[in-house]
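A structural walkthrough
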Amino acid sequence: MGVHRNFILLLTVTLTFVTCNVSNSKIEDECNLSAELKAEIASYSSTVEKIINAAVDGSFKGVTYQELSLFVDTFGNRIAGSQNLENAIDYMIDKYTADGFDNVHGEEVQVPHWVRGSESAILVEPRNATLSILGLGTSVGTPPEGILAEVLVVKSFDDLQSKAEQAKGKIVVYNEDFDSYFSAVVYRSNGATEAAKVGAVASLIRSMTDFSLNTPHTGLQSYEENVTKIPGAAITIEDAHLLQRLQDEGKTIKMLLKMEAQNLPDTTSRNLVAEIEGTEYPEKVVIVSGHIDSWDVGEGAMDDGGGVFISWGALALLKSLGLKAKRTVRSIFWTAEEFGYVGAYQYAIDHANETDNLIFMMESDFGTFNPIGLEYSAGTTGGCILQEVMKLLASINATGTRQSPAVGSDIEIWTSDGVPGASLDTESEKYFWYHHSNADTLEAESTDYLDKNTALWASVAYVLADLSIDFPRETTDG
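Residues numbered from 1 in each chain as written. Predicted model: local features only at pLDDT ≥ 70, side-chain atom pairs only at ≥ 80, totals over all residues. Heavy atoms only, no water.

Let's shift gears to the sheet that holds strand E8 (residues 232-235). In spatial order, the strands read E3-E2-E9-E5-E6-E7-E8-E4; together these 8 strands make up an open sheet with mixed pairing. Lying at the two open borders of the sheet, with one neighbouring strand each, are strand E3 (129-131) and strand E4 (133-135). Across the sheet, the axes of successive neighbouring strands diverge by a mean angle of 30°, strand direction being ignored. With 4 bridges joining them, strand E6 (residues 171-174) and strand E7 (residues 202-206) adopt parallel strand pairing. Across the sheet, the residue bridging to valine 173 is leucine 204, located in E7. (Pairing = 2+ DSSP bridges. Helix = DSSP H or I, 4+ residues; strand = E, 2+ residues; numbered from the N terminus. Axes fitted to C-alpha atoms, helices over the stretch in contact; angles between N-to-C directions.)

So, on to helix H5 (residues 63-75). The end-to-end C-alpha separation of H5 is 18 Å, in line with the 18 Å expected for 13 residues at 1.5 Å each. Here H5 has its buried residues at Val63, Thr64, Glu67, Leu68, Ser69, Phe71, Val72 and Phe75. Two residues or fewer after H5 comes glycine 76, characterised by a positive phi angle close to 65°. (Expected span 1.5 Å × (residues − 1). Buried < 20%, exposed > 50% of the residue type's maximum accessible area, 1.4 Å probe, protein only.)

Take unusual backbone geometry next. A negative phi angle characterises most non-glycine residues, just as the trans form characterises most peptide bonds. Of the consecutive residues glutamate 125 and proline 126, the connecting peptide bond is found in the cis state with omega at 5°. Inspection of the secondary structure assignment puts proline 126 in the loop between strand E2 (119-125) and E3. Aspartate 303 connects to aspartate 304 through a cis peptide bond whose omega is 10°. Residue position: aspartate 304 is located in helix H11 (residues 301-320). Not every positive phi belongs to a glycine, and alanine 336 is a case in point at roughly 55°. Looking at where alanine 336 falls in the secondary structure, it is placed in the loop between strand E12 (327-334) and helix H12 (342-350). Overall, the relative accessible area of 0% leaves alanine 336 in the buried class. Phi angles above zero are rare outside glycine, and asparagine 397 is one such case at about 55°. Note that asparagine 397 resides in the loop between helix H13 (380-391) and strand E15 (400-403). Classification of asparagine 397 as exposed rests on a relative accessible area of 63%.

On to the sheet that holds E12, then. Within a beta sheet, neighbouring strands are joined by backbone hydrogen bonds and run either parallel or antiparallel to one another. Ordered by their spatial adjacency, 8 strands build an open sheet running E1-E10-E12-E11-E13-E16-E14-E15, and the pairing between neighbours is mixed. Whereas interior strands pair on both sides, the edge strands pair on one side only; in this sheet they are strand E1 (102-115) and E15. Put simply, the sheet's adjacent strands are angled 25° from each other on average, direction ignored. Note that strand E14 (residues 371-377) and strand E16 (residues 421-426) share 6 bridges and pair antiparallel. Of the residues in E16, the one forming a bridge with serine 377 is glycine 421. Against the sheet, H11 touches strand E10 (262-276), strand E11 (281-291), E12 and E16, its axis set at about 145° to E11. (Contact = heavy atoms within 4.5 Å.)

Any functional reading would require information beyond the geometric quantities listed.
Here's what the structure looks like:
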């Protein structure tokens with residue numbers, strides 16, 4: 001994957017979560033929906049309650065969790081380029097097909113193939129200690145014998161520049177302040193390149209999280225053209241603080257770093273598509289989605305198994321209740337999201353002539369915790385419609401709406417170009433505790449929360465796909 005795509009990835013991710021919230025009261029003041037449209041949306045109350053009751057207390061209770069559990073127990077993590085990911089995609093295609101969904105298929109995508117291999121970091125001076133590390137995606141490896149070098153700890157890129165002469169021949173460790181994930185992630189993306197520019201031989205970053213139980217967090221990093229590629233990995237908060245203290249105490253720090261990471265030739269993966277075809281306007285589509293790949297640590301249960309399975313569950317729940325909307329409800333499981341939205345970019349190219357028929361796009365990729373509502377990208381009228389729709393979810397206390405200039409990760413490709421869409425909004429304060437780490441297992445999920453999220457996903461998708469009007473496509477106000 002080229003530097004240009006990595007730059008877009010970093011910019012997009014940053015924009016996606018820098019939200020411009022608009023209070024419900026302000027939107028209500030601006031709303032001038034017709035009484036007829038309000039009444040039409042309100043008329044779905046009994047249908048939405050039927051969906052909620054089935055998911056939370058009825059026949060579908062616990063099903064999303066059970067299916068996610070079976071999936072992660074069977075496949076575990078699913079990094080792009082791996083056969084395990086393709087086996088997982090086959091499994092879901094077979095599942096959708098066996099259950100009688102429409103238009104079930106995979107669409108081929110060429111994806112990066114990075115392999116971690118064995119890796120270790122041993123502190124050899126001023127004392128012996130084994131550090132927990134995770135190599136960063138696309139990192140090169142070390143020589144087989146490893147890299148034995150002194151360590152220089154810095155707090156920022158500016159700090160690195162001020163110590164450029166000291167950095168030559170050293171392993172640079174970024175012990176950056178963590179104000180937020182999105183202010184700190186530049187060190188993960190660009191740390192190795194900036195260290196290489198001043199002659200460092202490897203780069204280690206403090207993991208992108210505000211909480212750690214000795215758990216390093218991986219993620220994607222980038223190499224700038226015409227700059228020497230040096231190994232890059234993440235260490236824990238605890239070890240970053242240890243190295244900082246040792247340096248502040250005036251001690252010489254020496255480390256042996258070994259990484260077998262390799263970037264292999266691109267390989268073929270697939271986006272996965274399944275539908276409940278619309279009864280009147282099948283060419284018009286409401287999309288629910290998540291990404292089926294994960295990093296190669298943990299189980300990918302939260303990132304993004306939960307998003308995948310509430311999207312599967314939305315269709316399965318609607319089908320179990322015999323609900324078919326006027327427009328098509330389509331689920332898409334994006335591939336290779338973790339390597340720069342690769343599947344989504346390919347889908348946008350392959351389906352460029354269908355953009356006008358994308359009525360509304362939904363994505364869950366920020367954890368499936370207790371739902372609050374939706375974070376959306378749409379104009380004033382669209383926001384007013386969503387506010388009316390979300391009122392139908394009062395029984396699960398998920399009525400919130402937040403306008404944002406960018407939502408989702410994969411779907412931002414479309415929402416930034418004017419297609420209305422939304423991401424799941426949840427009580428996600430602990431998201432980065434698990435993100436891209438060995439802690440991303442089924443233990444991060446709750447069966448009750450998954451039931452509520454499935455109900456929300458199914459309800460919103462169904463109502464927007466069944467309304468008498470297409471969801472309005474306006475210039476966003478965020």
